[in-house]
Amino acid sequence: MRQRRLARYLAGYALLAALLVVLLVCNLNAGSVKLDAGQVLRILAGQQIENTAIIWEIRLPRMLAALILGGALSVSGFLLQTFFANPIAGPYVLGISSGAKLVVALVMIGFLQYGIVLNSAALILAAFAGSLLSMGFILLISGQVKRMSLLVISGVMIGYICSAITDFVVTFADDSNIVNLHNWSMGSFSGTSWGNVRTMAIVVLAAFVLTILLSKPMAAYQLGEGYAQSLGVNVRRFRVELILLSSILSACVTAFAGPISFVGIAVPHLIKSLFRTAKPIRIIPACFLGGAVFCLFCDLIARTVFAPTELSISSVTAIFGAPIVIWMMLHRSDGRRG
């Protein structure tokens with residue numbers, strides 16, 4: 001039995017790794033400018049040929065952003081699902097991403113009026129503040145409602161309110177740089193620079209390592225607060241750590257790519273179904289790989305299907321992620337009736 005589980009884990013990781021490699025190749029080759037594999041290899045080898053800038057300055061940073069931020073969003077969703085013990089909890093559904101988007105938009109608008117362009121660190125801090133603000137409302141509501149469905153509905157309403165305020169502010173902005181926030185508010189990996197990639201990689205890697213270090217108390221917490229306390233877990237501090245790590249990960253995504261829907265819900269569910277376990281030490285790395293694969297695939301669809309017109313990444317993730325969530329809810333309902 002143990003060997004069978006090990007074989008399943010290895011097969012699952014091998015599948016995710018293979019899909020990741022395939023999508024990395026496809027994302028480098030595909031686009032409005034067609035490049036064959038030979039050209040891409042020569043460019044990556046350092047040869048200065050035609051379209052070198054397209055690979056090094058546009059496609060590679062964008063591809064890495066989709067990989068890093070997709071993984072971060074999936075891990076953030078898994079942390080929230082662990083915190084609330086609910087499979088449909090996620091940064092987008094609970095309004096956390098929308099809160100981050102609102103604060104980032106307001107801060108950018110305020111500074112741009114004075115001709116000040118914020119750096120990556122300031123955007124992440126603004127998004128983090130917005131994430132914590134929305135999470136605070138969710139936690140307040142969670143103490144008043146008994147059913148998790150009401151909590152999710154409250155989160156959706158918070159998300160709508162934050163999005164409406166953001167759209168209102170952006171719509172009536174005069175500065176052309178502020179108006180461009182509308183594209184960002186729809187979600188996109190375009191326009192990513194190597195500086196952005198460096199910053200997001202540092203933030204996400206640090207949060208990911210801290211999340212891995214919490215895997216043991218997380219496994220105990222999944223079995224109930226009482227059981228976790230019996231093993232010496234400081235539940236109050238642990239819950240705060242989960243909130244902070246989830247907020248940092250979702251804030252980093254929102255700061256650089258805008259709000260991206262359904263990744264934080266759909267991917268952890270698919271990963272748990274693939275591995276047939278919810279053990280954090282096995283699921284957290286797999287969630288990161290799964291989120292990277294999912295976002296690379298959706299970004300490939302977003303920029304190639306109607307090229308040169310580009311779809312928002314959030315629209316594509318919703319198309320593929322929403323049916324998964326619906327199927328998951330129906331499957332849970334059938335299981336309870338059975």
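## Notes on the nonpolar core
And step 1. Of all hydrophobic cores here, the largest spans 86 residues; its most connected members are Leu-69, Val-75, Phe-84, Phe-189, Met-218, Ile-260 and Ile-271.
And step 2. With 16 residues, helix α3 (residues 52-84) is the single largest residue contributor to this core.
And step 3. Counting residues in hydrophobic clusters, the runner-up holds six residues, among them Val-93, Val-152, Ile-265 and Met-328.

## Details of the side chain of Ser-247
And step 1. Structurally, Ser-247 is set in helix α12 (residues 235-257).
And step 2. According to the relative accessible area criterion, Ser-247 is buried, its value standing at 1%.
And step 3. Those residues in contact with Ser-247 that lie beyond four places of it in its chain are Phe-128, Ser-131 and Leu-132.

## Comments concerning helix α13 (residues 263-275)
And step 1. Along its 13 residues, α13 runs 18 Å from first to last C-alpha, staying within 8% of the 18 Å computed at 1.5 Å per residue.
And step 2. Within the span of α13, buried status applies to Val-263, Gly-264, Ile-265, Ala-266, Val-267, Pro-268, His-269, Ile-271 and Phe-275.
And step 3. Just downstream of α13 lies Arg-276, where phi reads positive at about 55°.

## Remarks on the environment of Ala-17
And step 1. Mapped onto the secondary structure, Ala-17 falls in helix α1 (residues 2-29).
And step 2. Residue Ala-17 is classed as partly exposed on the basis of its relative accessible area, which comes to 34%.
And step 3. Taking the C-alpha atoms as reference points, Ala-17 and Val-170, separated by 153 residues in sequence, lie 40 Å from one another.

## A word on the packing of helix α4 (residues 96-112) against helix α5 (residues 120-142)
And step 1. Closest axis-to-axis distance for the α4/α5 pair is 7 Å, and the angle between their directions is 135°. Regarding the angle of α4 to α5, the classification is oblique. Taken as a pair, α4 and α5 cross one another with a handedness that is right-handed. Residues Ile-96, Gly-99, Ala-100, Val-103, Val-104, Val-107 and Met-108 of α4 form the contact with α5, whose participating residues are Leu-123, Ala-126, Ala-127, Gly-130, Ser-131, Ser-134 and Met-135.

## A short note on the packing of helix α9 (residues 194-213) against helix α10 (residues 215-222)
And step 1. Interhelical geometry of α9 versus α10 gives an angle of 55° and a closest axis separation of 5 Å. One finds that α9 runs oblique with respect to α10. When α9 is examined against α10, the residues Thr-211, Ile-212 and Leu-213 are found in contact with a partner set consisting of Ser-215, Pro-217 and Met-218.

## Regarding unusual backbone geometry
And step 1. The backbone of Phe-262 sits at a positive phi, close to 70°, despite the residue not being glycine.
And step 2. As for its position among the elements, Phe-262 is in the loop between α12 and α13.
And step 3. The exposure class of Phe-262 is partly exposed, given its relative accessible area of 21%.
And step 4. The phi angle at Arg-276 is positive, at roughly 55°, despite the residue not being glycine.
And step 5. Looking at the element boundaries, Arg-276 is found in the loop between α13 and α14 (280-304).
And step 6. The class of Arg-276 is exposed, set by a relative accessible area of 64%.

## Considerations on the confidence of the model for the protein
And step 1. Confidence along the protein averages 85 in pLDDT terms, with 92% of residues attaining 70 or more.
And step 2. Predicted confidence is poor over residues 334-338, with pLDDT under 50, and the contacts of this stretch with residues over four places away or in other chains come to zero contacts.

## Considerations on the packing of aromatic side chains
And step 1. For the structure on display, the rule yields six aromatic pairs.
And step 2. Ring centres of Tyr-9 and Phe-275 lie 6.0 Å apart, and the angle between their planes is 20°; on these two criteria the pair is classed as stacked. A residue pair is termed long-range when its members are at least 10 positions apart, and Tyr-9 in helix α1 and Phe-275 in helix α13 qualify at 266 residues. Exposure class is identical for Tyr-9 and Phe-275. Each is buried.
And step 3. Ring geometry for Tyr-13 and Phe-275: centres 5.1 Å apart, planes at 70°, overall edge-to-face.

Rules of the game
Residues numbered from 1 in each chain as written. Predicted model: local features only at pLDDT ≥ 70, side-chain atom pairs only at ≥ 80, totals over all residues. Heavy atoms only, no water. Core = buried A, V, L, I, M, F, W, Y, C linked by side-chain atoms within 4.5 Å. Buried < 20%, exposed > 50% of the residue type's maximum accessible area, 1.4 Å probe, protein only. Helix = DSSP H or I, 4+ residues; strand = E, 2+ residues; numbered from the N terminus. Contact = heavy atoms within 4.5 Å. Expected span 1.5 Å × (residues − 1). Axes fitted to C-alpha atoms, helices over the stretch in contact; angles between N-to-C directions. Parallel < 35°, antiparallel > 145°, perpendicular 65-115°, else oblique. Left-handed = near helix turned anticlockwise from the far one by under 90°. pLDDT = per-residue confidence, 0-100. Phe/Tyr/Trp six-rings, centres within 6.5 Å; stacked < 30°, edge-to-face > 60°.

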